[in-house]
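Each chain is listed here by its residues.
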Amino acid sequence: MKHVAKKRFGQNFLTDQGIINSLVDAINPQATDLMVEIGPGLGALTQPLLKKLNHLHVVEIDRDIIQWMESFYDLSKLTIHNSDALKFNFAELAKLGHHHKIRVTGNLPYNISTPILFHLLDNVNSITDMHFMLQKEVVERMVAEPSTPEYGRLSVMLQYRLNMEYLITVPPEAFDPAPKVESAFVRCVPHQALPYPAKDEALFAKIVTAAFSQRRKLLRHTLGRWLEARQFTGAFDVQRRAEEVPVAEYVALVQSL
């Protein structure tokens, strides 16, 4: 079957065998792992993963791809979840596993990659690790250090929960159809103990959102006004930009509120 990539699902299928091998080596699947692949597409990762795993779960929204998978794969080794990854209950699936944990991987649709990452953060206590192909620019933002142009809300929110490692850069020609951007593969491992646990994580999220609401402006115009409205009288330097504040300082502000 020749499947035509669908724009609405952000489909770009990985075809470079050398890169596929590198990704599988980075994931290092063990036979008994409870692993779920998001957006298996035409099986670039699915097939080599199935060679190493006793069983694999996949989350796929495209009915045409599912129909093809059902005719192509040994379904005793593969469970197909016809679902939108943004609505899928990863924590529920993890209950099937040892210690109620899953490993997650996938070539994420670039048009919804950030919402998927935030959805997975909500399920992070059920996750051992995650390996994703994403737009290179997104991976650079995920791993960015403070005081760099890439450092933003995504960096802070993910680094609070995850240790992340930029693994490899993947050129457009490794895909069919070739995307207009470079891609990158990233490893995300949840912190076993949070380096800076916030007393109120909802408040932490609000503070970070307020800080980066106008990232080019000094914090006194954004987070400073937000703090004033809450009669904050503690010490926090608002004469700098949001991208200059490390994760630990955002957490410290939560504690002092």
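Residues numbered from 1 in each chain as written. Predicted model: local features only at pLDDT ≥ 70, side-chain atom pairs only at ≥ 80, totals over all residues. Heavy atoms only, no water.

Following aspartate 176, the chain continues into proline 177 via a peptide bond in cis, with omega recorded as -10 degrees. Looking at the secondary structure, you find proline 177 in the loop between strand S8 (175-176) and strand S9 (183-190). At histidine 99, a position not held by glycine, the phi torsion is positive, near 60 degrees. Its place among the elements puts histidine 99 in the loop between helix H4 (90-94) and strand S5 (102-107). Despite not being glycine, histidine 100 has its phi angle at roughly 55 degrees, a positive value. Structurally, histidine 100 can be placed in the loop between H4 and S5. Using a relative accessible area of 46% as the deciding quantity, one classes histidine 100 as partly exposed. (Helix = DSSP H or I, 4+ residues; strand = E, 2+ residues; numbered from the N terminus. Buried < 20%, exposed > 50% of the residue type's maximum accessible area, 1.4 Å probe, protein only.)

All right, on to the packing of aromatic side chains then. Per the counting criterion, the structure on display carries 7 aromatic pairs. Seen in terms of ring centroids, tryptophan 68 and phenylalanine 72 are 4.9 Å apart; in terms of plane orientation they differ by 25 degrees. Their pairing is stacked. With tryptophan 68 and phenylalanine 72 both in helix H3 (residues 63-72) and 4 residues apart, this pair spans about one turn of that helix. When its relative accessible area of 13% is taken as the criterion, tryptophan 68 is described as buried. An angle of 65 degrees between the planes, with centres 6.4 Å apart, marks the rings of tyrosine 151 and phenylalanine 212 as edge-to-face. Taken as a pair, tyrosine 151 in the loop between helix H6 (136-143) and helix H7 (153-161) and phenylalanine 212 in the loop between helix H8 (201-211) and helix H9 (223-229) lie far apart in primary sequence, 61 residues in all. The pair formed by tyrosine 151 and phenylalanine 212 is uniform in burial state, with each residue classed as buried. Cluster of aromatic residues (ring-pair linked, three or more members): Trp68, Phe72 and Tyr73. (Phe/Tyr/Trp six-rings, centres within 6.5 Å; stacked < 30°, edge-to-face > 60°.)

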